[in-house]
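# Summary of the model geometry
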Amino acid sequence: MLTLAPLLAALAAAWPTPAPPAPAAHTAQAPAPESGRPSPARPKPTGRGPAAVPRPAITRRFIPLTAQRRRDTAAYAKRHYGRATTTVEPHAIVVHYTVNDSVDATWNTFAPNVADPELRERPGTCAQFVVARNGRIVQLTPVTFLCRHTVGLNWAAIGIEHVGRSDAEVLGNAAQLRASIRLTRWLRCRYGIAVRDVIGHAESLSSRFHRERVAALRRQTHGDFQRSAMRRYRALVRDAGC
Ligand SMILES: [Zn+2]
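Now for a quick tour of the structure. What you are looking at is a predicted structure, and each value in this text was computed from that prediction instead of being measured.

## Observations regarding the coordination of the zinc ion
Only His96 (ND1), His201 (ND1), Asp224 (OD) and Asp224 (OD) from the protein reach the zinc ion as donors, at distances of 2.1 to 2.8 Å. Each donor residue of the zinc ion lies on the same chain, and together they follow the pattern H-x104-H-x22-D. Separated by 105 residues along the polypeptide, His96 in the loop between β2 (92-95) and α3 (103-110) and His201 in the loop between β6 (198-200) and α6 (227-240) bring together distant segments of the chain.

## As for the pattern of salt bridges
As enumerated under the stated definition, the model contains eleven salt bridges in all. The closest approach of N and O atoms between Arg83 and Glu89, which form a salt bridge, is 3.3 Å. Taking the relative accessible area as the measure of exposure, Glu89 reaches 32% and is therefore partly exposed. Between Arg227 and Glu203 there is a salt bridge, with the nearest N and O atoms lying 2.8 Å from each other. Within this pair, whereas Arg227 is found in helix α6, its partner Glu203 is found in the loop between β6 and α6, the two being separated by 24 residues in sequence.

Scoring rules and cut-offs
Residues numbered from 1 in each chain as written. Predicted model: local features only at pLDDT ≥ 70, side-chain atom pairs only at ≥ 80, totals over all residues. Heavy atoms only, no water. Donors = N, O, S within 2.8 Å, 3.2 Å for Na, K, Ca; no water. Helix = DSSP H or I, 4+ residues; strand = E, 2+ residues; numbered from the N terminus. Salt bridge = Lys/Arg side-chain N within 4 Å of Asp/Glu carboxyl O. Buried < 20%, exposed > 50% of the residue type's maximum accessible area, 1.4 Å probe, protein only.

Okay, here's the thing in structure tokens:
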């Protein structure tokens, strides 16, 4: 799709700059309320397309993207997808849960560029976002930095982790779920990703974007976010619209 970046940059340049500049411009939106009440009314659609979708509050806490990690990422993309690149073509969103209890633990897992214990290759695993139990959204890499989170889909999918230990835990946490839907909505609308391409890790093998050159990995997937949970999640994404 056409990128809106130049237009947005022009709009930003034309907009009066507040003085002094806010210390965290990327968290311009107020954080989501922590109660389980429904979120306040959204701004009315303006008819201007994706630019009208509000960006949720996002805290940036990038893992180290060293030159070695970038080289390993490009080599991984070449081995598994046939093209040496560190950039995702965003056609899908894959949701996960972390099987741990904090953003810190997640960051500590993803930050070292070491071979993972399961598939034993570099770069280290990562996902672009993690949503905390209290609804805080933390961004771990640039949105389209190619992260290893889903075999077969890393070339095409943005990964969203959720701190937690089951599908039901995340879906039953109103603050976390609300933040997750806002993040998915923003990403989905920004990149023109279809609702059906918002999938759980456990659905990866049936994705229309699944590609894997290493034969031994062609049926590899994980159990997080099964179809039953994703039916509910996708219904919320569909209702949120663009
Ligand atoms: Zn997963």
